[in-house]
Amino acid sequence: MFNNNFMIKSKKILIVGAGGFIGGHLVNRLLKDGNSIVASDIKPKEYWFQDFPEAENHYAMDMKDISNCRKVVENIDYVFNMACNMGGMGFIENNKAECMQSVLINTNLLIACKEKKVQRYFFSSSACAYNTTKQKDVFIEGLKEEDAYPANPEDGYGWEKLFSERMCRHFQEDYGLEVRVARYHNIYGPYGTYDGGREKAPAALCRKVILAKKENLETIDVWGDGQQTRTFLYVDECVEGTLRLFESNHSDPINIGSDEQVSINQMIEMIENISGVNSFNKNYQLDKPKGVRGRSSNNDLIKKVLNWSYKMSLKDGLSKTYKWIESEMNQKGSNINRFTKS
Ligand code: GDD
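Structural notes, computed from the coordinates. (Residues numbered from 1 in each chain as written. Predicted model: local features only at pLDDT ≥ 70, side-chain atom pairs only at ≥ 80, totals over all residues. Heavy atoms only, no water.)

With that out of the way, let us pick up the packing of helix 9 (residues 264-275) against helix 11 (residues 314-332). Contact pair helix 9 / helix 11: the axes reach a minimum separation of 10 Å and the direction vectors enclose 55 degrees. With respect to each other, helix 9 and helix 11 are oriented oblique. Two packed elements cross with a definite hand, and for helix 9 against helix 11 that hand is right-handed. Taken together, the residues of helix 11 that come into contact with helix 9 (itself represented by Met 267, Met 270, Ile 271, Ile 274 and Ser 275) are Leu 314, Lys 315, Leu 318, Ser 319 and Tyr 322. Here the residues of the contact of helix 9 with helix 11 are counted per class, giving 7 nonpolar, 2 polar and 1 charged. (Axes fitted to C-alpha atoms, helices over the stretch in contact; angles between N-to-C directions. Helix = DSSP H or I, 4+ residues; strand = E, 2+ residues; numbered from the N terminus. Parallel < 35°, antiparallel > 145°, perpendicular 65-115°, else oblique. Left-handed = near helix turned anticlockwise from the far one by under 90°. Contact = heavy atoms within 4.5 Å. Nonpolar A, V, L, I, M, F, W, Y, C, P; charged D, E, K, R; others polar.)

Along helix 2 (residues 66-73), the positions that sit buried rather than exposed are Asn 68, Cys 69, Val 72 and Val 73. Taken end-on, helix 2 shows its buried residues confined to a sector of 120 degrees, consistent with a single buried face. Looking at the residues trailing helix 2, positive phi occurs at Asn 75, about 60 degrees. (Buried < 20%, exposed > 50% of the residue type's maximum accessible area, 1.4 Å probe, protein only. Arc of directions from axis to C-beta.)

Next up on the list: the nonpolar core. Ranked by internal contacts, the top residues of the largest apolar core, which has 36 residues, are Ile 15, Leu 30, Ile 37, Phe 80 and Tyr 184. Membership of the second largest hydrophobic core comes to 26 residues, among which are Cys 206, Ala 212, Ile 220 and Phe 232. (Core = buried A, V, L, I, M, F, W, Y, C linked by side-chain atoms within 4.5 Å.)

Let us now look at the pattern of salt bridges. Following the criterion strictly, the structure yields 18 salt bridges and no others. Close ionic contact of Lys 134 with Asp 147 constitutes a salt bridge, the shortest N to O distance being 3.4 Å. Here the residue Lys 134 occupies a position in the loop between strand 5 (120-126) and helix 6 (157-175), and Asp 147 occupies one in the loop between strand 5 and helix 6, the gap between them amounting to 13 residues. Given the relative accessible area of 32%, Lys 134 is considered partly exposed. Several salt bridges share partner residues, and in doing so they unite Arg 29, Asp 33, Glu 240 and Arg 244 into one network. (Salt bridge = Lys/Arg side-chain N within 4 Å of Asp/Glu carboxyl O.)

All right, on to the pairing of strand 4 (residues 78-81) then. Side chains Tyr 78 and Phe 80 of strand 4 all project onto a buried face; the interleaved residues Val 79 and Asn 81 project onto the opposite face, where all are buried too. Bridge count between strand 1 (residues 12-16) and strand 4: 4 bridges; the pairing is parallel. Across the sheet, residue Leu 14 finds its bridge partner in strand 4, namely Val 79. (Pairing = 2+ DSSP bridges.)

This part is about the packing of aromatic side chains. For any pair of aromatic rings, the description rests on two quantities: the centre-to-centre distance and the angle between the ring planes. The full count for this structure, using the stated rule, is 9 aromatic pairs. Measuring from centroid to centroid gives 5.6 Å for Phe 80 and Phe 122, while their planes differ by 40 degrees, and the two rings are tilted. In this pair, Phe 80 is assigned in strand 4 and Phe 122 in strand 5, connecting sequence segments 42 residues apart. One exposure class covers both Phe 80 and Phe 122, and it is buried. (Phe/Tyr/Trp six-rings, centres within 6.5 Å; stacked < 30°, edge-to-face > 60°.)

With that out of the way, let us pick up the site of the ligand. Taken together, the neighbourhood of the ligand is formed by 26 residues, with Ser 126, Ala 201, Lys 208, Pro 289 and Lys 290 sitting nearest. One of the backbone nitrogen or oxygen atoms of Ala 201 is found 2.8 Å away from an oxygen atom of the ligand. Between the ligand and Lys 208, the relevant distance is 2.5 Å, taken from an oxygen atom to a side-chain nitrogen or oxygen of the residue. Surface burial for the ligand is 99%, taken as the share of its 710 Å² of free accessible area covered by protein chains. Per-element accounting of the shell around the ligand gives the leading share, 4 residues, to helix 7 (residues 201-214). Of the residues in the shell around the ligand, the class split is 14 nonpolar, 6 polar and 6 charged. (Near = heavy atom within 4 Å. Polar contact = N/O pair within 3.5 Å; in protein donor to acceptor, adjacent residues only side chain to side chain. Areas by Shrake-Rupley, 256 points an atom, 1.4 Å probe, with all protein chains shown as cover.)

Printed below as a string of structure tokens:
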């Protein structure tokens, strides 16, 4: 059962993918909670979204090389694997081979954790692991954990996530390594990608509205017909849910997502309201990557197992995200903080 006193204090924790969006927020939180953090990422220092000098940081470290895993897993209590080569639909639809190679990161880390007797391991899976035939309509019922099977996940990226989930399960069954697995549903917020090709819809659409407002444009581009639906979870809620899950006894994959399902058009309207602009014309680009038609998270299991639910509404989360992207764009013009394949 869930224990209200967080046990994750004064631990030595490895966070892989610490230079990325969710990884950076997780490092921040675990440092505040008084832990000692070893942080690693394949990205060189200048591409980390957040970089905390209090942590032991390993820049440009590739965990597809098992010797790197063995090196940083030494004397570690807990490992959080937040690393994978990913992005929004624009990236994952066009880089399937790249996405699938993240299987090496998870596999090598699990082997190193087993060898070095790490106590507990977290794997960040995705809603892309769910059977796509169950996501063919807009405003579908929320996806339940059992809806991942029979397997027919998102091509490339989703298959890697589903396979790696199972790899975690077998390491627990066969070697006794305790695992925790979350299926994240489109996490968004500050200190993430908002341009360059890897950005997801919330950040991309904030950027487009900010730019249109700045340059007095009348029209913004929207991928698809705008009627496709999603749920989006604010990053602080994601970190909270992740830590609560980590402390629980639940080792099967579980949804960490919102159940506030909106169409892309509805989300754009929220962003337009935040911007103070009435409405832009929409140029619907039907040839752009669209992904599944409808997706939402069913949160019955997480409520039952953790006795917890997120609180932040999409409107409030978007408002925070919008402000951050706007200030970044005012300072830098564009988000250089991106790491594309060479
Ligand atoms: N990225 C993006 N940019 N998407 C847009 C845009 C735009 O300018 N305009 C409209 N969309 C539409 C996409 O066509 C898609 O139908 C929807 O918004 C959501 O796109 P994304 O946010 O890019 O991806 P996703 O929700 O299909 O999948 C994301 O979330 C998964 C977890 O739920 C991806 O990041 C996956 O990697 C992740 O696993």
